[in-house]
Amino acid sequence: EREKKIIVESNICEEKNIIVAGCLRIDDIIKECDHVNNSKKAVCLFSFRHVVAGLKVESRTGFYDHEGEGLIELFAQTHEAIAELAIEYPDIVFIIKPKWLSSWAEKIREVIRDGVGREIEDIKNLILTVDIDAQTLIKRSSVVIGVNSTTLLESRILQKTTIIPMFGEAGGKYKDKIYFQKYSGSEFIFSKSKEEFKEQIVSAVRSENQRPPSHELIDEYLGFHDGKTLERIVSILETEVNLASTELIAS
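Note that the structure is a prediction, hence the values are computed from the model and not measured.

1. As for the overall build of the protein chain
Line of reasoning, step 1. When you go through the protein chain residue by residue, the secondary structure sums to nine helices and six strands.
Line of reasoning, step 2. Along the first, second and third principal axes, the C-alpha set of the protein chain runs to 75 × 45 × 30 Å.
Line of reasoning, step 3. Here the contacts in the protein chain between residues at least 6 apart in sequence split such that 71% fall between residues at least 24 apart.
Line of reasoning, step 4. Summing over all exposed atoms, the protein chain offers an accessible surface of approximately 13,600 Å²; the carbon and sulfur share of this is 50%.
Line of reasoning, step 5. Each charge sign in the protein chain was given a centre, from 33 positive and 42 negative side chains, and these centres are 2 Å apart.

Following this line, the structure appears as structure tokens:
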């Protein structure tokens with residue numbers, strides 16, 4: 001419904017020509033949600049850049065080095081915290097997943113090097129990777145972390161403890177730009193400081209709490225919670241094809 005509203009208000013298409021069918025890739029995740037092992041001791045951070053969805057800051061790379069613009073402090077403190085926890089808890093696997101390597105990976109290495117004084121390769125239970133897809137990582141993790149990403153919704157569908165760091169600029173200048181605050185406490189854990197963030201991660205790894213997401217959350221952001229998006233799309237296509245066939249015969 002949000003996408004439909006944007007398309008209509010942008011004058012791309014008339015409302016009468018839009019059918020909301022749902023988010024196709026969510027079907028399989030919904031069907032698997034009750035069969036995922038949540039006892040694994042692994043933490044996955046879906047890395048974010050200084051400029052995340054919802055922020056309007058001029059940047060060609062997603063990183064911004066000018067003071068006062070973007071989530072610079074949040075980026076540094078979040079990645080530092082993960083590295084610090086990995087050193088402190090060698091029995092827990094910590095995974096950082098950016099969308100690509102190159103300059104993004106170097107920024108992660110830089111803040112960990114400067115903040116923790118270690119190279120990622122020297123921390124054996126800390127993994128920086130782009131080679132594993134998001135859904136597989138979510139299933140393999142007991143705790144998922146991110147900012148303004150649909151992976152957080154997928155994490156909740158798969159009944160994972162999901163933490164959103166909301167300190168640094170995210171708790172100040174850009175507080176109103178952080179998604180899902182409506183569901184704070186009920187669906188997502190919001191961290192107000194780096195210290196609280198670390199404590200919440202450790203507590204969540206030790207807990208075996210497996211809580212399904214609310215239908216309200218899924219419906220608001222993904223359209224439907226029934227896992228039948230494919231069926232709806234096929235039905236829509238069949239209707240259109242049959243209608244087109246009838247018109248061709250008539251002409």
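2. What about the nonpolar core?
Line of reasoning, step 1. In terms of nonpolar packing, the biggest core is built from 68 residues, with I82, F94, L126, I145, F188 and I201 touching the most fellow members.
Line of reasoning, step 2. A total of eight residues in this core trace back to one element, the largest contributor, which is helix 3 (residues 72-88).
Line of reasoning, step 3. Ignoring any residue separated from it by four or fewer positions in sequence, one finds I82 in contact with L45, F94, I96, L126, I145, F197 and I201.

3. Re the side chain of E169
Line of reasoning, step 1. Structurally, E169 can be placed in the loop between strand 5 (161-165) and strand 6 (189-191).
Line of reasoning, step 2. One polar contact links the side chain of E169 to the main-chain amide nitrogen of L74, over a distance of 3.0 Å.
Line of reasoning, step 3. Ignoring anything within four residues of it in the chain, the contact list for E169 reads G70, L71, I72, E73, L74, Y174 and K175.

4. A few points about the packing of helix 3 against helix 4 (residues 102-116)
Line of reasoning, step 1. The interhelical angle for the contact between helix 3 and helix 4, taken along N-to-C directions, is 65°, at an axis separation of 9 Å. Relative to helix 4, the element helix 3 is oriented roughly perpendicular. With respect to the hand of their crossing, helix 3 and helix 4 are arranged in right-handed fashion. For the pair formed by helix 3 and helix 4, the contact residues are F75, A76, H79, E80, A83, E84 and I87 on the first element and W104, K107, I108, V111, I112, G115 and V116 on the second.
Line of reasoning, step 2. Along the lines of polarity and charge, the residues of the contact of helix 3 with helix 4 split into nine nonpolar, two polar and three charged.

5. Considering the state of the cysteines
Line of reasoning, step 1. Following the criterion strictly, the structure yields zero disulfides and no others.
Line of reasoning, step 2. Free cysteine C44: the closest other cysteine sulfur is in C23, separated by 19 Å.

6. Digging into helix 3
Line of reasoning, step 1. Under the 1.5 Å per step criterion, the end-to-end length of helix 3 is 24 Å for 17 residues, consistent within 8% with the ideal 24 Å.
Line of reasoning, step 2. Among the residues of helix 3, L74, F75, A76, T78, H79, E80, A81, I82, A83, L85 and A86 are the ones counted as buried.

7. Quick word on the confidence of the model for the protein chain
Line of reasoning, step 1. Per-residue confidence for the protein chain gives a mean pLDDT of 91, with 94% of residues at or over 70.
Line of reasoning, step 2. The weakest mean pLDDT in the protein chain belongs to helix 2 (residues 26-32) at 84; the strongest belongs to strand 6 at 98.

8. Focus: helix 4
Line of reasoning, step 1. Here helix 4 contains 15 residues, and its C-alpha end-to-end distance of 21 Å stays within 8% of the 21 Å for a straight helix at 1.5 Å per residue.
Line of reasoning, step 2. Taken together, the buried positions of helix 4 are occupied by W104, A105, K107, I108, V111 and I112. Take helix 4 and look down its axis: the buried residues cluster within an arc of 155°, on one side only. Projecting away from the buried face of helix 4 at angles above 90 degrees are the exposed residues S102 and D114.
Line of reasoning, step 3. Taken together, the buried residues of helix 4 touch helix 3, strand 2 (93-97) and strand 3 (126-128).

9. Considering the pattern of salt bridges
Line of reasoning, step 1. Evaluation of the coordinates by the stated rule reveals 17 salt bridges.
Line of reasoning, step 2. It is possible to trace a salt-bridge network through shared partners that takes in R2, K182, E216 and E220.

10. Regarding the environment of L71
Line of reasoning, step 1. Within the secondary structure, L71 sits in the loop between strand 1 (42-46) and helix 3.
Line of reasoning, step 2. On the accessibility criterion, L71 (0% relative accessible area) is buried.
Line of reasoning, step 3. Measuring from C-alpha to C-alpha, the distance between L71 and F48 comes to 9.0 Å, with 23 residues separating the pair along the chain.
Line of reasoning, step 4. Leave out the neighbours within four places in its chain, and L71 touches R49, H50, V52, L55, E169, A170 and Y174.

The rules we used
Residues numbered from 1 in each chain as written. Predicted model: local features only at pLDDT ≥ 70, side-chain atom pairs only at ≥ 80, totals over all residues. Heavy atoms only, no water. Helix = DSSP H or I, 4+ residues; strand = E, 2+ residues; numbered from the N terminus. Contact = heavy atoms within 4.5 Å. Areas by Shrake-Rupley, 256 points an atom, 1.4 Å probe, with all protein chains shown as cover. Lys, Arg positive; Asp, Glu negative; His and termini not counted. Charge placed at Lys NZ, Arg CZ, Asp CG, Glu CD. Core = buried A, V, L, I, M, F, W, Y, C linked by side-chain atoms within 4.5 Å. Buried < 20%, exposed > 50% of the residue type's maximum accessible area, 1.4 Å probe, protein only. Polar contact = N/O pair within 3.5 Å; in protein donor to acceptor, adjacent residues only side chain to side chain. Axes fitted to C-alpha atoms, helices over the stretch in contact; angles between N-to-C directions. Parallel < 35°, antiparallel > 145°, perpendicular 65-115°, else oblique. Left-handed = near helix turned anticlockwise from the far one by under 90°. Nonpolar A, V, L, I, M, F, W, Y, C, P; charged D, E, K, R; others polar. Disulfide = S-S within 2.5 Å. Expected span 1.5 Å × (residues − 1). pLDDT = per-residue confidence, 0-100. Arc of directions from axis to C-beta. Salt bridge = Lys/Arg side-chain N within 4 Å of Asp/Glu carboxyl O.

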